[in-house]
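Residues per chain are reported as follows:
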Amino acid sequence: MRQAVSMVARLGFRLQQLPSVLSRQLSCAQDVLRRTPLYDLHLAHGGKMVEFAGWSLPVQYRDSHVDSHLHTRQHCSLFDVSHMLQTKILGSDRVKLMESIVVGDIAELEPNQGTLSLFTNEAGGILDDLIVTNTSEGYLYVVSNAGCCDKDLALMQNKVREFQNKGSDVGLEVMDNALLALQGPTAAQVLQAGVADDLRKLPFMSSAVMEVFGVSSCRVTRCGYTGEDGVEISVPAAGAVHLATALLENPEVKLAGLAARDSLRLEAGLCLYGKDIDERTTPVEGSLGWTLGTVTSGCPSPCLKKNVAMGYVPYEYSQPGTLLLVEVRRKQQMAMVSKMPFVPRNYYTLK
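Heads up: these notes are all about the structure in this document. In this text the structure is predicted, and so the values were computed from the model without any measurement.

1. Let's talk about the sheet that holds strand β8 (residues 113–120)
Line of reasoning, step 1. Taken together, six strands build an open sheet; the order of strands is β7-β8-β9-β10-β6-β11 and the sheet is antiparallel. Pairing within the sheet leaves two strands with one partner each, and these edge strands are β7 (102–103) and β11 (171–174).
Line of reasoning, step 2. Relative to β8, β7 runs antiparallel, the two being bridged by two bridges. Bridge pairing in β8 links V102 to F119.

2. A look at the pattern of salt bridges
Line of reasoning, step 1. Tallied over the full model, the rule gives twelve salt bridges.
Line of reasoning, step 2. Among the salt bridges present, the one from D198 reaches R200, with a minimum N-O distance of 3.1 Å.
Line of reasoning, step 3. When its relative accessible area of 59% is taken as the criterion, R200 is described as exposed.
Line of reasoning, step 4. Across the pair D229 and R222 runs a salt bridge, and its minimum N-O distance is 2.8 Å. By the burial criterion, D229 is buried, and R222 matches it.
Line of reasoning, step 5. Beyond isolated ion pairs, a larger network of salt bridges with shared partners links R73, E228 and E267.

Definitions and cut-offs
Residues numbered from 1 in each chain as written. Predicted model: local features only at pLDDT ≥ 70, side-chain atom pairs only at ≥ 80, totals over all residues. Heavy atoms only, no water. Pairing = 2+ DSSP bridges. Helix = DSSP H or I, 4+ residues; strand = E, 2+ residues; numbered from the N terminus. Salt bridge = Lys/Arg side-chain N within 4 Å of Asp/Glu carboxyl O. Buried < 20%, exposed > 50% of the residue type's maximum accessible area, 1.4 Å probe, protein only.

Function cannot be inferred from these measures alone, as they are strictly geometric.
Encoded structure:
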């Protein structure tokens, strides 16, 4: 008997050898790649630039990938995630429009509260994962993946036109803000020095517009992709370098790249679109016909000193402690099903 994805998918496996999935997404071809406002800053700090989703982004800096990973877990790191698609959904019918294309109850969100959601196709497959925030400024703030930018934007634009043709009050605006992620147990302490708002009142998945280290009109959202406490700051492009430089003046903060971001999210049991979830995966069943051999994400865990991975198995093999054989580089390796996440998540919530 098959079970729903909530009981089956995102299982963890401790393996002897597994390459990071990130290496298969990166290349050194940098012709006609888009650049974030922090491109020159990355180069000045020794960033090794690679292609990712059509952008030139740092995979790591002078510190090793493992050092960056552990620094994030112990202190805090600054990630440039400006390649993410940021949009505003406007108009009095904005919630109705968004609920027609995502999984989730957007109408129940409190002002400045956000939620993780999914774009789905007509067959129920996952087109992308995204965060939707119901802002107090009268629009929905949407952040989705750069690798899905074209199809996400087309989906939203087509739905806006459909609603407008029916007389609904909706609109869409693509934002050109930079997006900086400050992640780690000391992130709030570092950020508090540059804002007037009390960050103790900003729990996980909530946001507020504020001035940050002298840069006005920044949207600070308490969220991230590492499993640690932290924020993502949507900042006007013209102020991005100033803000990043101000944050880096604190010795707690170091720059981190794509390699650390990938291993951090994997330790925290967070999915990567295109690897762990895609259009063949539904929120309900998770393509349960898949069996191991189809490991979706894997890498050595710097914190656990073991190799970890995510994959899909039938329900009868999904209980923690179950031993499995998986094929890694044409060799069979013993794996053990483990509860997720591998490393505890440390999100900040109000007591």
